[in-house]
Structure formats: C-alpha cells, structure tokens
Amino acid sequence: STHRRREVREFNKSHLNYAAADTKQWEQSAAYYLDKSKAVEAFVKNSGLGCAMPYLHNGQMHDYVPDFLVHLKAEPASYLILETKGYDPLEEVKRAAAERWVTTVNADGTYGKWRYAVAKKVSDVPGLLQ
C-alpha cells in the first residue's frame with residue numbers, strides 16, 4: 001500500500017478532539033506539548049484546512065502546508081505557525097514563504113499577531129511557545 005498509517009491521539013485544547021499525525025513520533029509528541037502547555041489557548045493540526053503558503057520552486061508554484069496552527073494565551077491575540085521538521089532540502093524556500101505570509105498578515109493587523117517557528121527537535125517545542 002502507498003498510504004502511510006496515520007497515528008491518532010485525543011487532545012483537549014483543539015476544537016478537533018483528535019489529531020491525525022503524518023509521522024509516528026514527531027507530530028504526536030509536538031501535539032502533546034501543545035496540548036499540555038499553559039501558553040497555548042488552542043491548536044489544530046493543519047490538515048485539510050486550506051491554510052497553505054504559496055512558493056515558487058524550479059519555476060513551478062507549490063503550496064507549503066505547515067504542521068500546526070496555535071492560538072497562544074496572550075493579549076493582543078497571538079498565533080504561532082509551527083513546523084516540526086528534520087532535514088528538508090526546501091526548508092529555506094518554505095521558511096521564506098511562511099515569513100512573507102506572516103509579514104503580510106501582521107501588516108494588515110486584523111488577525112492578531114502571528115509568528116512562524118520550526119522545531120528541529122520535539123524538545124524545542126516548549127521553548128518556541130514562550
């Protein structure tokens with residue numbers, strides 16, 4: 001079968017009470033930290049939500065779909081786009097796309113304060129939430 005098995009886990013701080021992870025450990029562990037963090041109001045696994053950042057690679061348009069969207073407990077309203085990733089040859093291209101998106105949304109000001117972060121190790125997640 002060409003389909004990857006998707007791990008499912010129940011969470012409390014997501015309006016979707018289950019998150020289907022694309023990886024067995026990375027996304028499951030990151031979601032656990034998000035669910036347990038006092039800095040997090042709510043989060044969602046960014047799957048099938050239509051939240052994608054366009055980027056150009058080899059002359060073709062692609063969509064970068066980061067792993068998580070996180071609503072932080074902060075005033076004014078603050079949000080984190082969180083990617084959990086090991087090595088990715090397109091990391092810089094995707095980072096640039098996410099940073100352009102964040103800059104544009106923050107310039108508008110209507111949708112709260114956004115930032116983008118990449119967790120290279122699961123243990124990075126708690127620090128990125130602060």
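The structure under discussion appears in the preceding block.
Residues numbered from 1 in each chain as written. Predicted model: local features only at pLDDT ≥ 70, side-chain atom pairs only at ≥ 80, totals over all residues. Heavy atoms only, no water.

Even after reading the chapter, I still don't get the sheet that holds strand β8 (residues 113-119), so can you show me in this structure?
Note on sheets: strands pair through backbone hydrogen bonds, and any given pair is parallel or antiparallel. The strand order across the open sheet built from four strands is β3-β6-β7-β8, with neighbouring strands paired in mixed fashion. Bordering the open sheet on either side are β3 (40-45) and β8, each of which pairs with just one other strand. Ignoring strand direction, the axes of neighbouring strands in this sheet form an average angle of 20°. (Pairing = 2+ DSSP bridges. Helix = DSSP H or I, 4+ residues; strand = E, 2+ residues; numbered from the N terminus. Axes fitted to C-alpha atoms, helices over the stretch in contact; angles between N-to-C directions.)

How do you make sense of the packing of aromatic side chains when you look at a structure like this?
Between two aromatic rings, the relevant description is the distance of the centres plus the angle of the planes. This model, assessed by the stated rule, comprises five aromatic pairs. Ring geometry for Tyr79 versus Trp114: centroids 4.7 Å apart, planes at 20°, classification stacked. Placement of Tyr79 in strand β7 (residues 78-84) and of Trp114 in strand β8 is noted, with a sequence separation of 35 residues between them. By relative accessible area, Trp114 is classed as buried at 15%. Arranged with centres 5.2 Å apart and planes meeting at 85°, the rings of Trp101 and Trp114 form a pair that is edge-to-face. (Phe/Tyr/Trp six-rings, centres within 6.5 Å; stacked < 30°, edge-to-face > 60°. Buried < 20%, exposed > 50% of the residue type's maximum accessible area, 1.4 Å probe, protein only.)

It is not clear to me how the environment of Pro76 should be interpreted in this structure. Could you clarify?
Along the polypeptide, Pro76 turns up in the loop between β6 (68-72) and β7. Of the residues examined, Pro76 reaches a relative accessible area of 59% and is grouped as exposed. Taking the C-alpha atoms as reference, Pro76 lies 10.0 Å from Tyr111; in sequence the two are 35 residues apart.

Looking at this structure, I do not really get the pattern of salt bridges. What am I missing?
Pairs may arise between side chains of opposite charge once their charged atoms sit close together. Tallied over the entire structure, the rule returns seven salt bridges. Between Lys85 and Glu83 there is a salt bridge, with the nearest N and O atoms lying 3.1 Å from each other. Across the pair, Glu83 and Lys85 agree in class, each one buried. One connected set of salt bridges, linked through shared partners, spans Glu83, Lys85, Asp88 and Lys94. (Salt bridge = Lys/Arg side-chain N within 4 Å of Asp/Glu carboxyl O.)

So what exactly am I meant to see when it comes to helix α2 (residues 91-108) here?
Three- or four-residue spacings in an α-helix give side chains the same orientation, since the helix completes a turn every 3.6 residues. Counted at 1.5 Å a residue, the expected span for α2 with its 18 residues is 26 Å, and the 26 Å between its end C-alpha atoms agrees. Within α2, the full set of buried residues consists of Glu91, Lys94, Ala97, Ala98, Val102 and Val105. Viewed along the axis of α2, the buried residues span an arc of 135°, placing them on a single side of the element. Pointing more than 90 degrees away from the buried face of α2 are the exposed residues Glu92, Thr103, Thr104 and Ala107. Directly beyond the C-terminal end of α2, a positive phi value near 80° is found at Gly109. (Expected span 1.5 Å × (residues − 1). Arc of directions from axis to C-beta.)

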